[in-house]
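Next come the chains, spelled out residue by residue.
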Amino acid sequence: MNSTLLQHLNPEQLAAVTLGDEPALILAGAGSGKTRVLTTRIAWLLSQGQVGPGGVMAVTFTNKAAKEMQTRLAAMLPYNVRGMWIGTFHGLCHRFLRAHWKAAGLPQGFQILDASDTVAAVKRVIKAMNLDEERFVPKAVAHTIAHWKEEAARPKDVIPRDEQERKIVEVYAQYEAQCQREGVVDFAELMLRVYELMRDDPALRQHYQQRFRHVLVDEFQDTNKLQYAWLKLFAPPGGGAVFAVGDDDQSIYAFRGAQVGNMHAFEREYRINQLIKLEQNYRSCGHILDAANHLISHNERRLGKTLRTDQGQGEPLRVFEAPSDFDEARWVLEEAQSLHRGGLARSEIAVLYRSNAQSRVIESALFNAGIPYRVYGGLRFFERAEIKHALAYLRLLENVNDDTSFLRVVNFPARAIGARTVEQLQDAAKATGRSLWQSVSALQGRAGASLQKFVELIEGLRRATEGQTLRAIVEHVVEGSGLAAHYRSDKDGAERLENLDELITAAESFVTQEGFGKDAVALPVDELGQGPGLTPDADTGEIMSPLAAFLTHASLEAGDNQAQAGQDALQLMTIHAAKGLEFDAVFLTGLEEGLFPNERALQDFDGLEEERRLMYVAITRARKRLHLSLAQSRMLHGQTRYHVRSRFLAELPEESLKWLSPKQGGFGSGFERDYANAWQRGAGLSGVVGAGHREARAGGGGWPAPKPAAWQQAVAAPVPKKAEHDSGLRVGQAVFHNKFGEGVVLTLEGTGPDARAHIQFGRHGAKWLALSVAKLTPI
DNA sequence: CGCTCAAATCTTTTT
DNA sequence: GATTTGAGCG
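Residues numbered from 1 in each chain as written. Chains lettered and ligands numbered in written order. Predicted model: local features only at pLDDT ≥ 70, side-chain atom pairs only at ≥ 80, totals over all residues. Heavy atoms only, no water.

Visitor: Outline the overall build of chain A, supporting the account with residue identities and numerical values.
Guide: On a plain count of helices and strands, chain A comes out with 30 helices and 23 strands. Every one of the 779 residues in chain A was classed for burial, and the buried ones make up 56%. About 32600 Å² of surface is accessible on chain A, with carbon and sulfur atoms providing 50% of the total. (Helix = DSSP H or I, 4+ residues; strand = E, 2+ residues; numbered from the N terminus. Buried < 20%, exposed > 50% of the residue type's maximum accessible area, 1.4 Å probe, protein only. Areas by Shrake-Rupley, 256 points an atom, 1.4 Å probe, with all protein chains shown as cover.)

Following this line, the structure appears as structure tokens:
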């Protein structure tokens, strides 16, 4: 490779890039050129001639990151990077299983269940087992099963702790059998199958260990237990050169099993003697970095690192406290417009929020003002009902035994196959252990006849689409299934019809993008002669139809929900979705206790620290400008709620903030003093607001010391009259309760008889009280 | 059997 | 607020 690529690296980056064949752990701060290091490292390795493109595996966490890496590498390398093993954990597992489907015990045309398919499948099992859905909530059970899978535990490995759990293990076993019967795998199963295959097949293991001389892992802090174990099979300690890049401060997926501890484990198990830290930030101005450093220093459990920048201090952070979410949205809009007028492209401005539900107000403000915007996340394209219906038909063409798809469309559009008929069919299927499709002939009479007609419909579709292009197949199925007709006759079906049209377009462009010809071809084959998944010793030349590939694409990448590319639009997304991205200007909205930090997150062990890391991620997305805002009242879940300022605001350096709304108060006015008193007198000082029970779990040790001072600041500003609740109470007000003593109002919601208040009592923790019942005296 | 309307429920983040 | 479930009617 040409050496100019190396010339632009700083000493730490250069050291990381040119490391030899040894395992390495790179602690890469936000904006420290992490992706650049990863890609340059790959290019460097290849240029050294020690390893070919087939000998490198690079794993990322998101599709976005994988694509980014591929694009950058393509610009650096003289050959097609498509054939290289660069992808997400799940994407690579899928590739692996397509190559080794036989050894993995899967049918060749196996399909992937997305999150909602998985819940639906689990729900069917629960129903079939006659279990109470109240006690066995499908979503929760699905989550538990996924959790077990991430522990590499099959049903036989789980030791149930009680009767309830014993039943769930039974559901797990049944669910597994069902998936196997139907030829489908869920996300966790993709990982687990590959793990087991590698673990139990020495020849296969040896082959891949020899093949992948270099394994690079991005966002290592987000790996879960199974992913780490998986990694160790491909590149064991002492054997493979694993290049792990991560940032413990940006670990924001613990809620779904990510273990930051993997970084420590890696350091130990791979005997890393020298951890490389990338602390030079190339992204943000001084004030922004100061804020980030200051905030994250409040976390206890860190590997420790401080970002620095050569850029100037830049503008201070602009902070605005709005009376309502509506006002907040209007402020964002006005500030964004002024930035835009100042010469900033709209696409360089991001509006971030903690949860998707918060986008609505902002969207409507932008919409009414006629400002173009683009929302990421939320309900995505392939998750829409009409799209899932169409996909279900397509999946049946590939695999008639896919019961999930069968059930989804057997009576949609309505064709007189009701719940009773389906039930009978399920009974018949269960009795013989066959799929629903296979059991159709078991039913006689009217029901059997209508089912038979459905079978004929699918078979007709299959005959008619044989040998057709992907576009033609999709088009034909949308029409032939009756979906198009159904939505045409539905007065609200116009949008859904448009989406179905978009699906046809997507199918067409998928073929061009993925390089598929008109006929079924092998997976994209590159000039290196190594198609993805088609390893030399595997079933070379295995064929995957364009349709199968398209279906996989649909379930593995849910796709963006709006594809109005080209237009310069404001970027709206959750903070999670913003990870890995950067913008000139960032608006961070909804900085309210309960929202951010999220009250539900505070229930979890390490919840607060994870929320703080999330805040850290949000701050470090900004290059030049950062705007922070909150609303005193907010429409949430259909009712108005009142919140106090997020504690995170009090954890930012005062000198980097510029308050646009009056940051009045200071200490001395009534309720703050009372609040401080109530706090001081309370026994459980280590209690975290909204999560009193954590004290017990914490057992006194390991928790960050309470910071009452910060808290007093957080609630220091008096709430203007505007935000007064109709009960006469205000957020931040001190009250007295006969049983719980003195407390401070944190949140108010509901009206009249439904009015409730979340109140922080020193000794008793935070409690929700119904105002119509609880006797509260303002003090 | 299927459709419509009302009620109940759940709302953090996602490969 | 939005989506899913349930009751009642055609």
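Visitor: An account of the packing of helix α6 (residues 115-128) against helix α8 (residues 163-182) is needed here, citing residue identities and associated values.
Guide: The N-to-C vectors of α6 and α8 enclose an angle of 115°; their axes lie 9 Å apart at closest approach. Of the two possible hands of crossing, α6 and α8 adopt the one that is right-handed. Here Thr 118, Ala 121, Val 122, Arg 124, Val 125 and Ile 126 of α6 lie close against α8, whose contacting residues are Val 171, Gln 174, Tyr 175, Gln 178 and Glu 182. For the contact of α6 with α8, the class distribution of residues is six nonpolar, three polar and two charged. (Axes fitted to C-alpha atoms, helices over the stretch in contact; angles between N-to-C directions. Left-handed = near helix turned anticlockwise from the far one by under 90°. Contact = heavy atoms within 4.5 Å. Nonpolar A, V, L, I, M, F, W, Y, C, P; charged D, E, K, R; others polar.)

Visitor: Requested: an account of the UniProt feature "binding site: ATP" (unreviewed entry) in chain A, with residues and values cited.
Guide: In this structure's numbering, the residues bearing the UniProt feature "binding site: ATP" (unreviewed entry) are Ala 28, Gly 29, Ala 30, Gly 31, Ser 32, Gly 33, Lys 34 and Thr 35. In this structure, Gly 29 is in contact with Asp 247, Gln 250, Leu 278, Lys 305 and Leu 307, ignoring residues within four places of it in sequence. Note on placement: Ser 32 falls in the loop between β1 (24-28) and α3 (34-48). Under the relative-accessibility criterion, Ser 32 is labelled buried at 1%. Those residues in contact with Ser 32, other than ones at most four positions away along the chain, are Gln 13, Leu 278, Gln 280 and Tyr 282. Within the structure, Ser 32 has its side chain in polar contact with the backbone oxygen of Gly 29 (distance 2.7 Å). (UniProt positions renumbered as here; feature names shortened; annotations may be inferred. Polar contact = N/O pair within 3.5 Å; in protein donor to acceptor, adjacent residues only side chain to side chain.)

Visitor: Describe the protein's contact with DNA strand B, with residues and values.
Guide: Surrounding DNA strand B, one finds 26 residues, the nearest of these being Arg 256, Arg 354, Arg 380, Ala 416 and Ile 417. Here, DNA strand B places atoms within 4 Å of the protein, and 58% of those atoms are sugar or phosphate. Split into classes, the residues belonging to the surface near DNA strand B amount to eight nonpolar, eleven polar and seven charged. (Near = heavy atom within 4 Å.)

Visitor: Residues and numbers for the UniProt feature "domain: UvrD-like helicase ATP-binding" (unreviewed entry) in chain A, please.
Guide: Mapped onto this numbering, the UniProt entry gives "domain: UvrD-like helicase ATP-binding" (unreviewed entry) at residues 7-285. Taken end to end, residues 7-285 has its terminal C-alpha atoms 24 Å apart, with 49% of it in helix and 12% in strand.

Visitor: I'd love a proper account of the protein's contact with DNA strand C, names of residues and values included.
Guide: Around DNA strand C sit Lys 123, Arg 360 and Gly 638, and those are all the residues in its vicinity. Residue Arg 360 places a side-chain N or O atom 2.8 Å away from a phosphate oxygen belonging to DNA strand C.

Visitor: Run through the packing of aromatic side chains, naming residues and quoting values.
Guide: Evaluated as defined, the whole model comprises 24 aromatic pairs. A ring pair is formed by Phe 220 and Tyr 228, whose centres lie 5.9 Å apart and whose planes are at 85°; its orientation type is edge-to-face. Accessibility classification places Phe 220 together with Tyr 228 in one group, the buried group. Seen from the ring of Tyr 253, Arg 256 lies directly overhead, with NZ or CZ sitting 4.3 Å from the centre. For the cation-ring pair, Arg 374 lies above Tyr 376, with the distance from its terminal atom to the ring centre recorded as 4.2 Å. (Phe/Tyr/Trp six-rings, centres within 6.5 Å; stacked < 30°, edge-to-face > 60°. Lys NZ or Arg CZ within 6 Å of the ring centre and 35° of its normal.)

Visitor: Before we move on, can you summarise helix α5 (residues 89-99) with the specific residues and values?
Guide: Counting buried residues along α5, nine of its eleven residues qualify, which places the element largely inside the surrounding structure. Listing the buried residues of α5 in full gives Phe 89, Leu 92, Cys 93, His 94, Arg 95, Phe 96, Leu 97, Arg 98 and Ala 99.

Visitor: Please provide a residue-by-residue account of the pairing of strand β19 (residues 734-737), values included.
Guide: Pairing analysis gives four bridges linking β19 to strand β20 (residues 741-749), with the strands arranged antiparallel. Within β20, the residue paired with Ala 734 across the bridge is Val 744. In textbook terms, the turn of a hairpin is the stretch between consecutive antiparallel strands, and for β19 and β20 this stretch comprises three residues. (Pairing = 2+ DSSP bridges.)

Visitor: Lay out the packing of helix α7 (residues 138-150) against α8 in plain terms, naming residues and giving numbers.
Guide: It is the contact of α7 with α8, at a shortest axis distance of 10 Å, that shows an interaxial angle of 75°. By the criterion of interaxial angle, the relationship of α7 to α8 is roughly perpendicular. When α7 is examined against α8, the residues Val 141, Thr 144, Ile 145, Trp 148 and Lys 149 are found in contact with a partner set consisting of Glu 165, Ile 168, Val 169, Val 171, Tyr 172 and Tyr 175. A per-class count over the contact of α7 with α8 returns eight nonpolar, one polar and two charged. (Parallel < 35°, antiparallel > 145°, perpendicular 65-115°, else oblique.)

Visitor: Report on the environment of Gln 452, specifying residues and quantitative values.
Guide: As for its position among the elements, Gln 452 is in helix α20 (residues 445-465). Sequence separation of Gln 452 and Ser 441 is eleven residues, and the distance between their C-alpha atoms is 7.5 Å.

Visitor: So what's going on with the sheet that holds strand β6 (residues 214-217)? Residues and values would help.
Guide: Taken in spatial order, the six strands of this open sheet run β3-β2-β6-β7-β1-β8, and their pairing is parallel. The two strands at the open ends of the sheet, each matched to only one other strand, are β3 (85-88) and β8 (276-278). Shown here is a sheet whose adjacent strand axes are inclined to one another by a mean of 15°, direction ignored. Where helix α11 (residues 225-234) meets the sheet, it contacts β2 (56-60), β6 and β7 (241-246), and its direction lies at approximately 175° from that of β2.

Visitor: Let's hear about the layout of surface pockets: which residues, and what values?
Guide: Approximately 880 Å³ is the volume attributed to the second largest pocket. If you go around the second largest pocket, you meet 27 residues; those closest to its centre are Arg 124, Lys 127, Ala 128, Leu 407 and Gln 426. Mapped onto the lining of the second largest pocket, the elements with two or more residues apiece are α6, α8, α17 (403-409) and α18 (419-432). No other element matches the eight residues that α6 contributes to the lining of the second largest pocket. Of the residues assigned to the lining of the second largest pocket, the class counts are nine nonpolar, six polar and twelve charged. (1 Å grid on protein atoms, 1.4 Å probe; cavity = no way out; pocket = protein on both sides within 12 Å on 5 of 7 lines; lining within 4 Å. Points joined across faces, edges and corners; volume = space filled by probe spheres on them.)

Visitor: Quick one: what's the story with the pattern of salt bridges, residue by residue and with numbers?
Guide: Enumeration over the complete set of coordinates arrives at 50 salt bridges. Of the charged contacts, one joins Lys 34 and Asp 218 as a salt bridge, the two residues approaching to 3.3 Å between their closest N and O atoms. With Lys 34 in helix α3 and Asp 218 in the loop between β6 and α11, this pair connects stretches of sequence that are 184 residues apart. Each member of the pair, Lys 34 together with Asp 218, is buried. Three or more residues are tied together by salt bridges with common partners; here these are Lys 149, Arg 154, Glu 176, Asp 186, Glu 189, Arg 193 and Glu 196. (Salt bridge = Lys/Arg side-chain N within 4 Å of Asp/Glu carboxyl O.)

Visitor: How would you sum up empty space enclosed by the protein? Please name residues and give values.
Guide: A probe as big as a water molecule, rolled over the atoms, marks out the empty space that is left. In total, this model carries eight cavities of 30 Å³ or more according to the counting rule given. In this model, the largest cavity occupies a volume close to 160 Å³. Along its surface, the largest cavity is lined by 15 residues, and Asp 114, Asp 117, Lys 388, Leu 391 and Arg 395 are the ones closest to its centre. Residue assignment for the lining of the largest cavity shows that the elements contributing at least two residues are α16 (385-398), α17 and α24 (546-556).

Visitor: Please give an account of the nonpolar core that cites residues and values.
Guide: Formed by 50 residues in total, the largest nonpolar core has its most connected members in Leu 391, Leu 394, Phe 406, Phe 454, Val 474, Leu 503 and Phe 550. Top element by residues in this core is α16. It accounts for eight residues. Not counting chain neighbours up to four residues away, the residues in contact with Leu 503 comprise Phe 381, Phe 382, Ile 387, Ala 390, Leu 391, Val 474 and Phe 550. Grouped together as the second largest cluster of nonpolar side chains are 44 residues, Ile 112, Val 185, Leu 190 and Tyr 270 included. (Core = buried A, V, L, I, M, F, W, Y, C linked by side-chain atoms within 4.5 Å.)

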